[in-house]
Each structure stands twice: as C-alpha cells, then as structure tokens.
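Residues per chain, in single letters:
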Amino acid sequence: MAATGAPWAPADIASGELPRATAAWRPGDPVGRRQFLDIASLPLEADARGALDVTLAYETWGELNAARDNAVYVAHAFTGDSHVLGPAGPGHAGPGWWPGLVGPGRAIDPDRHFIVSANVVGGCQGTTGPAHPHPDDGHAWGSRFPWVTVRDMVGAEARLADALGIDRWRLVIGPSLGGLRALEWAASFPDRVQGIGVIGATAATTADQIAWGSAQAHAIRLDPGFRGGDYYDVDDGAGPHRGLALAREIAHTTYRTSAELDARFGRTVQHGDPLTPDGQFAVQSYLAHHGTKLVGRFDANSYLRMIHAVDTHDVGRGRGGAAHALSAFAGQALVVAVDSDRLYPVDDARRTAAALGRDTAVTVLEAASGHDSFLADWPELAQEVAAFERGL
Ligand SMILES: CC(=O)SCCNC(=O)CCNC(=O)[C@H](O)C(C)(C)COP(=O)(O)OP(=O)(O)OC[C@H]1O[C@@H](n2cnc3c(N)ncnc32)[C@H](O)[C@@H]1OP(=O)(O)O
Ligand SMILES: N[C@@H](CCO)C(=O)O
C-alpha cells in the first residue's frame, strides 16, 4: 500500500538539493522579538584564553513584579531557541515551540510570570555562535569557535539574570538540554533558584547518549562540505548539509519510539518499488523530511557544539559527584521522565532524583512519542508543571 499524506520529496540526503547547512541567524538579519545582551569576558571551562565576549539573544514575556519573585526561565532543548511563544515571522523560523506550557492560561503564564528565554552560547539563533563574525577578521568563527559546556551556557544565563534584575528565579525549567541547564543552575547558583523543572534529562550524560551523539557528529564531519568547520565563505554553497540532515535522521529516530514508528508507518511504501534502491518506505521519507527541515533552520557547527555540551554534561564534574554538587540547592525540584523515552530513560531520572536527595520524586508520564513527548504530547506534562509551579 502506498502512503498518502506528505509526498516524498526527492530533496533527500543523496540528491544534493538540500538548503545550505548554514541556516543561522546572523547580525543584520531581522531580529523578530529578540533582544540582545552584550556579555564581556564570559569565562569558559575549556578555552585556553579563558573568556569569550558574547552577545546573548533573548526574549521576554510579561512583567517582573515589584517583589521580583515571579521570574521564570525557560531553557530550550538541543535545536530550540528563545522563541518559546509567539508566531513565526521575520527573524523567527517557526512559531513558539512550547505553546502547550507557556502562554496565557498555561502553567507558565505571561499574565502572572516574567518569562525569559535565551538562545544558548554557541547556538545559531541570535546568540554568538560559530556562524557569527570573529572579532579579529570579520569572517565566521567556524572551526575557531570554542567548545562550550552546559556550565558556560548557564554562566551566560546568570549574566542575563543580573542584567534583568533577577536575583532569584521562581522557576528554571527545560526539556532535554534545557533540563541539563536547569540542573546546572541548581548546582552553580543554588541560592538563585526557587524551583527547577527537569524534563527528559539527566545529572550526567550516559555512554548511550554520548554514543548517539557521536554517530551524529561523524555524519557531519565526514561530509566533504564540512571542510573542518570552515564552510561559510565557500562560493559553491556546499556546506555539510547532507551530514547535518543525516545527523538529524539519526537523532530524530532516538527522539521517537519503536512502537510509535511502527504504528504510524509500519512497512508502508511511500515511493517506488522498495525491492530496488530507489524505493522508499514511509518512515524513511518521514526521517528525510525531518533531516531536510532541520537543515533549513540550523547550523552544522552549532550542532556539533550542542553535542559537545551534552557529552560533557555532568553536574558532579569537579564537585565531588552529583549529590555533592546539588547538596546546596534547597529549592524544590520537579523531575519528569517519559516512560517511552529511549534516549533519556526513566532510570536516568531516578539517578538524578537520588542525586537531588530529600526524597525527590520522579514523575513518570505515559506518552507515546518518547523523548519528543514534551513537544508532541504535552497535556499531562502541562498539568504536572502547573501543579508544581502553584506549589512553589
Ligand atoms: C524544546 C525546543 O527547544 S524545540 C526543539 C526544536 N524543535 C523541534 O525539534 C521540532 C521538530 N519537530 C518535531 O520533532 C515534531 O514535528 C514535533 C515534535 C514538534 C511534533 O510531533 P508530531 O506532531 O508527531 O509531528 P511529526 O513528527 O509527525 O512531524 C510532522 C511532519 O512530518 C511530516 N511527515 C509525516 N509523515 C511523513 C512522510 N511519510 N513523509 C514525509 N514527511 C512526513 C509532516 O508532513 C509534518 O511536516 P511539517 O512539520 O513540515 O508540517
Ligand atoms: N526535538 C528536540 C529534541 C532534543 O531535545 C530538539 O531538536 O531540540
């Protein structure tokens, strides 16, 4: 049976008809809702020179109240950005990514909260990253861009809090890479956070997570268009778009579940004769679509920086272990795992809760979409976050 729905677009990894792998926001592009904070000399964990001047792109919704106790930081996931809420438009590749949790009447509500979200250091949606001009020569940083860590990212977020007059967040919450940052906030700045929301995340990245990221990094690096990371100024437009699309195909498979993919696509043929190399199963078409779509909105060098940040994440690194690192955090923690998440399984959340101590519970949600359930299947998550937020 042939699938209906989205037609197979031959612009897949093999055809070369993908957009360039440099879909980064750069200075001079439309800013949309973004605001910018210049941060001088952000200390970096692994940079020999020790510091980086960063422009942080961020968005806010609502107002900081007189008591300054209603600020909520929403930390985006791996390929996310500051555009939590609001329409797509000039400067914003897509609509806000968490409308189920953030918005009027939602758990995180601009009528009650001062909501802040920033693009991470090394990202490609406004904050200084590899596609931005290097201060020395005006050419893209490319391979020269430092290998930033989750701690570096949180260090920048703390500078943003300082600039906005936020001494203490009511809540720092995020999924995936955002959850790693929520935990890092609790470890790095325990007195500046009242509550953390850690969704589909872990206190220390596991070998399995590093392994999946490694295959994705290889896909990008082995693309001849990668050119060691210095592909921005080439005039043939041949960035590592195939490698980036392949990386997303690998990643997206881990974001969903075996049962879901089988239920949705089964052995359905989307195109041609699957007994020949030209044939394509529906699930292959689906993954190709997600690969192509990411290439239209993300930069390959930023993708590698995100992998590195996730790989090196360990709140306990250099702090005597995760439990010791989190021992000064006296706030409340919501730790959420999705039962079908094969990338950040429930056991990771249990270890994280144990490190937080004080009988921190794990909320296990039943959802079909695995790791991406925080985006695709959010109603129960929204209820949990609303209840947690009310109790802070
Ligand atoms: C937290 C953050 O910071 S957000 C992170 C950045 N954003 C993302 O990762 C979003 C990427 N998108 C997704 O992962 C998903 O679309 C979600 C999670 C948002 C929603 O999940 P779902 O509703 O299950 O969407 P699904 O995974 O089916 O994707 C739908 C797309 O696949 C396409 N598709 C479905 N079947 C096929 C097929 N057989 N062949 C080709 N394309 C297909 C649809 O046409 C649709 O395309 P569109 O998104 O361009 O409109
Ligand atoms: N789909 C999410 C999953 C990783 O957290 C993203 O691309 O950021």
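Residues numbered from 1 in each chain as written. Chains lettered and ligands numbered in written order. Predicted model: local features only at pLDDT ≥ 70, side-chain atom pairs only at ≥ 80, totals over all residues. Heavy atoms only, no water.

Per an unreviewed UniProt entry, the chain carries the name Homoserine O-acetyltransferase and comes from Demequina muriae. Quoted verbatim from the Function (unreviewed entry) field of UniProt, the annotation for the chain is "Transfers an acetyl group from acetyl-CoA to L-homoserine, forming acetyl-L-homoserine." Quoted verbatim from the Sequence similarities (unreviewed entry) field of UniProt, the annotation for the chain is "Belongs to the AB hydrolase superfamily. MetX family." (UniProt positions renumbered as here; feature names shortened; annotations may be inferred.)

## Here we look at the pairing of strand β4 (residues 114–118)
Taken across its five residues, β4 has five buried, putting it largely inside the fold. Pairing of strand β2 (residues 51–61) with β4, which is carried by four bridges, proceeds in the antiparallel orientation. Looking at β4, one finds that Trp61 is bridged to Ile115. Sheet topology note: the strand β3 (residues 71–74)/β4 ladder contains three bridges and is parallel. If you follow Val72 over to β4, its bridge partner there is Ile115. (Buried < 20%, exposed > 50% of the residue type's maximum accessible area, 1.4 Å probe, protein only. Helix = DSSP H or I, 4+ residues; strand = E, 2+ residues; numbered from the N terminus. Pairing = 2+ DSSP bridges.)

## Some thoughts on the UniProt feature "binding site: substrate" (unreviewed entry) in the chain
UniProt records the feature "binding site: substrate" (unreviewed entry) for Arg248 and Asp372 in the present numbering. Taking the farthest pair of C-alpha atoms as the criterion, the annotated set spanning 125 residues converges on one region, since that pair is 13.2 Å apart. With residues up to four places along the chain from it excluded, the contact list for Arg248 reads Thr79, Tyr255, His290, Gly291, Leu294, Arg297 and Tyr303. When you line up the elements, Asp372 lands in the loop between β10 (362–365) and α10 (373–376). For Asp372, a relative accessible area of 9% gives the class buried. Leave out the neighbours within four places in its chain, and Asp372 touches His252, Tyr255 and Arg256. (Contact = heavy atoms within 4.5 Å.)

## As for the pattern of salt bridges
Enumeration according to the criterion identifies 15 salt bridges in this entry. Where Asp372 meets Arg256, a salt bridge forms, and the shortest distance between an N and an O atom there is 3.6 Å. Within this pair, whereas Asp372 is found in the loop between β10 and α10, its partner Arg256 is found in the loop between α4 (241–255) and α5 (258–265), the two being separated by 116 residues in sequence. Neither Asp372 nor Arg256 differs from the other in exposure class; each is buried. (Salt bridge = Lys/Arg side-chain N within 4 Å of Asp/Glu carboxyl O.)

## Some remarks on the site of ligand 1
Close to ligand 1 lie 24 residues, the nearest being Arg256, Arg264, Ser285, Tyr286 and His289. For ligand 1, an oxygen atom lies 2.4 Å from a polar atom in the side chain of Tyr286. For ligand 1, an oxygen atom lies 3.0 Å from a polar atom in the side chain of His290. Considered on its own, ligand 1 offers 1000 Å² of accessible surface; in the complex 71% of this is hidden by protein. Counting residues per element, the ones that place at least two in the shell around ligand 1 are α4, α5, α6 (282–295) and α10. The element best represented in the shell around ligand 1 is α6, accounting for six residues. Tallied by class, the residues present in the shell around ligand 1 amount to 10 nonpolar, eight polar and six charged. (Near = heavy atom within 4 Å. Polar contact = N/O pair within 3.5 Å; in protein donor to acceptor, adjacent residues only side chain to side chain. Areas by Shrake-Rupley, 256 points an atom, 1.4 Å probe, with all protein chains shown as cover. Nonpolar A, V, L, I, M, F, W, Y, C, P; charged D, E, K, R; others polar.)

## Focus on the nonpolar core
The biggest cluster of nonpolar side chains holds 81 residues, and the ones touching the most others in it are Leu56, Val121, Leu160, Trp169, Ile196 and Tyr303. If you tally residues by element for this core, the top one is helix α1 (residues 150–164), at eight residues. Val121 has contacts with Leu42, Leu52, Val54, Leu56, Thr127, Thr128, Phe145, Val148, Met153, Ala156 and Met306, leaving out every residue within four places of it along the chain. One finds Val74, Trp98, Ile173 and Phe388 within the second-largest nonpolar core, a separate group that totals 26 residues. (Core = buried A, V, L, I, M, F, W, Y, C linked by side-chain atoms within 4.5 Å.)

## Regarding α6
With 14 residues, α6 extends 20 Å between its outermost C-alpha atoms, agreeing within 8% with the 20 Å of an ideal straight helix rising 1.5 Å per residue. On its buried face, α6 is in contact with α4, α5, β7 (269–271), β8 (280–281) and α7 (300–312). (Expected span 1.5 Å × (residues − 1).)

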